[in-house]
Structure formats: structure tokens, C-alpha cells
Amino acid sequence: MMQNNMNVDESLYIIQPPQRVSDGSYINSIEKYKELYNESINSPITFWGEQANKFLTWFSPFTDVSIGNLSQGDIGWFLNGKLNVSYNCIDRHLQENRDKVAIIFEGDEPNRVQKITYYELYLQVCRLANLLLSLGVKKGDTVAIYLPNTPDAIYSMLACARIGAVHSVIFGGFGVEAIISRIEDSHSKIIITADEGMRGGRSIPLKKNIDSAVYHCKFVEKVLVFKNTGGNIQWNAEKDLWAQEAMQEQRPYCPPVQMDSEDPLFLLYTSGSTGKPKGLLHTQAGYLLYAAMTHRYVFDYRDSDIYACVADVGWITGHSYIVYGPLCNGATTFIFEGTPMYPNASRYWDMIERHRITQFYTAPTAIRSLMKFSVDMVEKHDRSSLRVLGSVGEPINPEAWRWYNQYVGQGQCAIVDTYWQTETGGHIITPLPGATPTKPGSATLPFFGIQLAILDPQTGQLQEETKSEGVLVLTQPWPGMARTIYKSHSRYLDTYMRPYPGYYFTGDGVSRDQDGYYWISGRVDDVINVSGHRLGTAELESALVGCSSCAEAAVIGYPHDIKGQGILAFVTLKHGYQEDEQTITLLKMEVRNTIGAFATPDRIIITPSLPKTRSGKIMRRILRKIASNESSPEQLGDLSTLAEPETVQYLINKVKSN
Ligand code: ATP
Ligand code: MG
């Protein structure tokens, strides 16, 4: 394991892009990034107009580049332009790349591999689109998709896009309650699902969950079922239809519908780490452009690359960086049904070797869990094909960043810590592989066209100094932003536009260092105020993870008579360490030495696991409630997005007995 860096100011630590990455990359120096960035800010209309014509194929041109402002929340891009997203992701590549592999699928079992060319993708999407039309789906209708992470999910999304239906993908790990609330909110009469999913050698009863949901949601008319495992399922002859069989009867050509730039493309409910899920609505052209452009520049995507994002299509990361960005760019995109631990903790590295993957994109939660194992698990596989390693979802602790860089990338890859949200459609703060010098733990600098500002959380005052901290806001609209919350525009305004009038509020705390680099400190609701010191959870947790015993940490504040808030840390230990006085003392010392005496945790609770969303994010909201003994079901609120509900009960008992 690496030395940790006691008392080191991380912001002074700079790593230059490796030469082998800069060579041949689109944006190959920081000067070039700055030049283009300035152009995007100083002449946004020209900049975005040019990009929209470069990245997208239009049926008829747009008349205006943009309209609206953040205060009104009436944003539109590429007005009156007509295009079709599925045409952009498939048809236009057929002339030159008909036989290029569009999708590499790897199932839960490593020997289940399938390669799908652009032509095959086209045929499947056309058949499914025609099937949806035959079931009466019309432009603007919502279709719910509850599938495992397989190509069927990609066919379904693109088939909807082809006919102008609005898809609402529900992550395959969600249970019945979460499904019901989402299909009720979007009123989806058609559901696309599979018999079962497979993850880590276990089957997931997708159809069974849908049966229970449909029982409650009488408005559902048809359930299209893809055969994935061939497992036994209940059949409702009135509503159920085998997808593959029915698709065979459909004509393999379906004309793409001409969509307006601002017609809805999809709804996606956020993971819910902060409360009731919000159905964010993304539109056609601006979203697609932003996904494609960030995919090209942030992963430095080149034509012969084998690009892999191992997220799930049920999250925005899967939407933008498994499906829309890569396919719009004519890439080979990888989709993986399984987990990093199955059949063993080498799975990712084994896939990288077997498929000669060039870009690999995952989340800090996965990296931290793989760091627990011996580095042999990584090193026994050939990773020489890799050029770019991405991270998304949470702040990545410097310790995890360095492990990823040193052991996975062998110091030869660019690490891109990409900061963004479901709401932003694509990356907004991120390094560019060939250009941006990186600092472990910082998402670095804004993407093209993104104007950031830092405000004082209480007064809303603009922090003009380079080195400053506060809440992160955006000052101008950008093409990839969500346009509304489905059927709740006032909630959209209340959540994003009204907290700091004139700005888009991210909800995240941030600091900017002397070089203008951004460091996300976590959600503002999670910030802890100890004796007047504002502490980000990211900083405290990184200090704990720097301790050799600590695998993962979640820190929250709780009411404290003297300090205002006290610090409570929940910690999971690495293999070989146990819960005792010494371990706890060393953990406290680590934080004290790294950040300062005022930041020393008041209490540390050791736990076998932390409550996380299904997408792997720590739910500090739940931990806060548990810590303040507000742990009745009503007080805990919506738990439907929680991955392991038993963790919550364990912690409730432990906190009570402590
Ligand atoms: P909800 O909004 O429903 O509570 P969520 O915010 O977890 O859910 P997402 O849109 O998937 O849903 O996540 C976006 C958030 O994830 C960001 O606002 C930020 O807090 C965090 N995040 C994502 N990427 C990074 C990153 N690279 N560094 C730091 N934080 C990140
Ligand atoms: Mg959020």
C-alpha cells in the first residue's frame, strides 16, 4: 500500500499528462485548452453553432443558437432545428462503418461476449421501433425501460428516440416501490423488461418486480419481455409480449421521425441521495451535442479505440457515456452486465486485457473496494492498451486516485475525474487527457462553454478571489442542461434557479485553489460546521481513507452543545484490521494530523458496510437521521433507492447501544 501524505497540501501536487497520451490527442496542451475555452465563453453563439454543425447531422438547420436565461428557466438551444437522435447514433455511420462493431457486450459470466455491428444495431432498433409503433406508442408518449445492462437496453432507448417516444430508464437494481413511483410519475403505458438480470452470479427477478408494479399500476397496457437468462417467469397473456419474437415480425426499416431540437428525449430520475426522486427531462439536440462533445474530448476518443464505461444504463453516466455520446461519435462502446467482484476482484482488469480497452470509466466506490485486494489482482493482467482512466459519481479520495493512477494506469494514463450531474447532461468540470495537468482529488477545470462561480452559501455573494470556497453555481445556460423536472417546473425552479437568483445551483460545495482548480467538497447539505469551521465531508473522509486500516468512510455532523456540530465518522475496515481502541485512536490521529485538531472526529463507529444508493453513493442523509435517533420508518423517509437496507438496521442498533 502507498505511503499516505500527512500534512501535504494536495493542491501543490501536479501531475503532467503523460506524453503518450498527449501525442495525437485533439487538445494536446493546456494553452490549446485555454484558447478554445476562452473562445467558447467570449463567443458562445459562434462556438456552439459551429459545434452543433460539426457533431450532429440535421434534417433541417436551426434558426437560432439559444434562447432563455437561468432566472426564468426557459432555456432552449438550436431552435427550430430538426434532427433524429437515433439517426445520428446509427444511420449516418452506415455508409462508412456498416460493419464496424458498435457494441461489445460482456455478460455476467466472462464467456458471454457478443459483438454487434452498426448494421446489426440498425436492424434491431428499426424492428423494435416498429413494434412500439404497432402497440400504439406515439411521439411524446413515455416508455419505461427496466432492463439489465445488456444491448437490449440500448436498442430500447434508441427505438424510442427513433419514433419520438420519451424513454424513462429505471435502474435494474431498483425494487417494486421505486418502479411504481417512477411509472406512476411518468404514466408509462408500455414497459420494456427482461425475464431476469444476472449480477455476480445471482439472478435478479426483473419480470417478477414488474408484475408486482403492474398489479398496482392498472394503466400499464403492454409489457415487452426480452429473454435474457431463460429463467421461469409468470405470464399474463393479456399484457405480456416476448420482445424478440414480436420483433422478428416487424419490418427492419423504420423511418426516423423528424424531431425538434427542443422535443423531449428522455426522463431520468436521480438516484435520490437527497430525497424524493426527481424526473429530470432532457431534450434532443443540446443533450446529444453535449454528450458527444464531452465524450470525444474528455476521453480523447479516436476511431480505433475500444471505449468502456462500466456504469449502468440506468444512470445518467450510462445514458451519456455508454449510449448517446459514444454512438453519436461512431465509437465501439462496451456494455457490461456484471460486477467488479465476479468471478473475482480481477474482473475489470481481465476485461481490459481481453478486449484491449483504451478508455475505462468507473466510480470511486468501485476503486475503493478493489483497492482492498492485493495489487497482484491488477498486475497479472495486461493493461498496456489503456490511455484514459475515468472516475465519476463522488469526489475521488487522493489515495484512491493515486492507486488508480499507479497500479491500474502504471503512470502511463491520464486520470480524468469528471464532475457532473444528471441535471448537467455531461461533464462540466474535468481534465482533458492530453492537455490538463492533474491534481489527485481535484476535478480540475471547466469544460468548454461552462462558466463557474463560487458564492457564499449564506449571503449568496460572489467570491471573486481565485482562492475561495463556497457553493458551486453556473452563470450561463449550456446545451446539455436538463430543461425541467417532468410535470414540476416549479420544483425545477425552486431546486436549481431560485436558491441563488440568476445562477444554476449545483447543490455542491467547492473550493478553488491558487491555480483556479476546483475541488468538490460534497453536497452542501453534508457540510459540517465545527466551532465555526466549515468542513467538507470529502476532505474528512479522504483523511480517514489515508489511514492504513480504513477502506471507506462516511462523515456527518450531529448536534453538539459546545461546537455547534460534532463530527461522527462511520468507517469500514480493510481486511486484517479489527475494531479496537487502537484502531479508533489511529483513525482519529490521522484526521488530526492531516487537517487539524479542530477536525478530529468526536466519535467513530466501525461498520461492515455503509448505506449507499444503488449507484454506489454514500447516503449521509440516512446516517444523519440514525445519529440523531430519528430512525423510525417515517423519519428515515424514502429508502427505495438504498442498496443494502440491512445496513441501516445494523447501524440503528449499533448507535443506540453505543
Ligand atoms: P439526488 O440529486 O437525487 O440526490 P445524486 O445527486 O446522487 O442524487 P447524480 O446526478 O447521479 O445524483 O449525481 C450528481 C452528484 O454526484 C453531484 O452533484 C456530486 O455531488 C456528485 N459527483 C459526481 N461526480 C463527482 C466528481 N467527479 N467529484 C465530486 N462529486 C461528484
Ligand atoms: Mg443531485
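Every value quoted in this text rests on a predicted model; they were computed, and no experiment measured them.

Rules of the game
- Residues numbered from 1 in each chain as written.
- Chains lettered and ligands numbered in written order.
- Predicted model: local features only at pLDDT ≥ 70, side-chain atom pairs only at ≥ 80, totals over all residues.
- Heavy atoms only, no water.
- UniProt positions renumbered as here; feature names shortened; annotations may be inferred.
- Helix = DSSP H or I, 4+ residues; strand = E, 2+ residues; numbered from the N terminus.
- Pairing = 2+ DSSP bridges.
- Contact = heavy atoms within 4.5 Å.
- Axes fitted to C-alpha atoms, helices over the stretch in contact; angles between N-to-C directions.
- Buried < 20%, exposed > 50% of the residue type's maximum accessible area, 1.4 Å probe, protein only.
- Expected span 1.5 Å × (residues − 1).

1. Some thoughts on the UniProt feature "domain: Acetyl-coenzyme A synthetase N-terminal" (unreviewed entry) in the protein
Here is step 1: Under the present numbering, the feature "domain: Acetyl-coenzyme A synthetase N-terminal" (unreviewed entry) in UniProt falls on residues 33-89.
Here is step 2: A helix fraction of 47% and a strand fraction of 18% characterise residues 33-89, whose end C-alpha atoms lie 27 Å from each other.

2. Focus on the sheet that holds strand 12 (residues 240-242)
Here is step 1: As summarised here, the arrangement of the 8 strands in space is 12-11-8-6-7-14-15-23, forming an open sheet in which the pairing is mixed. The sheet is open, and its two edges are formed by strand 12 and strand 23 (484-485), each paired on a single side.
Here is step 2: As paired elements, strand 14 (residues 264-269) and strand 15 (residues 279-283) share 5 bridges and run antiparallel to each other. Note on strand 15: the bridge partner recorded for Tyr269 is Gly279.
Here is step 3: Seen against the sheet, helix 5 (residues 118-134) touches strand 8 (190-194), strand 11 (222-226) and strand 12 and runs at an angle of roughly 160° to strand 11.

3. So, the sheet that holds strand 24 (residues 504-512)
Here is step 1: Read across the open sheet, the 4 strands follow the order 21-22-24-25; overall the sheet is antiparallel. The sheet is open, and its two edges are formed by strand 21 (452-455) and strand 25 (518-523), each paired on a single side. Each strand axis lies, on average, 45° off the axis of its neighbour in the sheet, ignoring direction.
Here is step 2: As paired elements, strand 22 (residues 468-474) and strand 24 share 6 bridges and run antiparallel to each other. Bridging across to strand 24, Ser468 finds its partner in Arg512.

4. Description of unusual backbone geometry
Here is step 1: Looking along the chain, the bond that leaves Tyr342 and enters Pro343 is cis, with omega of -5°.
Here is step 2: Turning to its location among the elements, Pro343 is positioned in the loop between strand 17 (332-336) and helix 12 (347-355).
Here is step 3: Here His187, not a glycine, exhibits a phi torsion of approximately 50°, which is positive.
Here is step 4: Looking at the element boundaries, His187 is found in the loop between helix 7 (176-186) and strand 8.
Here is step 5: Assessed through its relative accessible area of 40%, His187 is described here as partly exposed.
Here is step 6: The phi angle at Lys487 is positive, at roughly 60°, despite the residue not being glycine.
Here is step 7: If you trace the backbone, Lys487 turns up in the loop between strand 23 and helix 16 (489-497).

5. A few points about helix 18 (residues 581-594)
Here is step 1: When the terminal C-alpha atoms of helix 18 are compared, their 20 Å separation across 14 residues agrees well with the 20 Å that a helix rising 1.5 Å per residue should span.
Here is step 2: Lining the buried residues of helix 18 we find helix 17 (537-545), strand 28 (550-560), strand 29 (564-573) and strand 30 (603-606).
Here is step 3: Looking one or two residues beyond helix 18, the residue adopting positive phi is Gly596, at roughly 145°.

6. Focus: the side chain of Thr362
Here is step 1: Position of Thr362 relative to the elements: it lies in strand 18 (residues 359-362).
Here is step 2: Beyond its immediate chain neighbours, meaning those up to four positions away, Thr362 contacts Val310, Tyr348, Ile367, Gly390, Ser391, Val392 and Tyr404.

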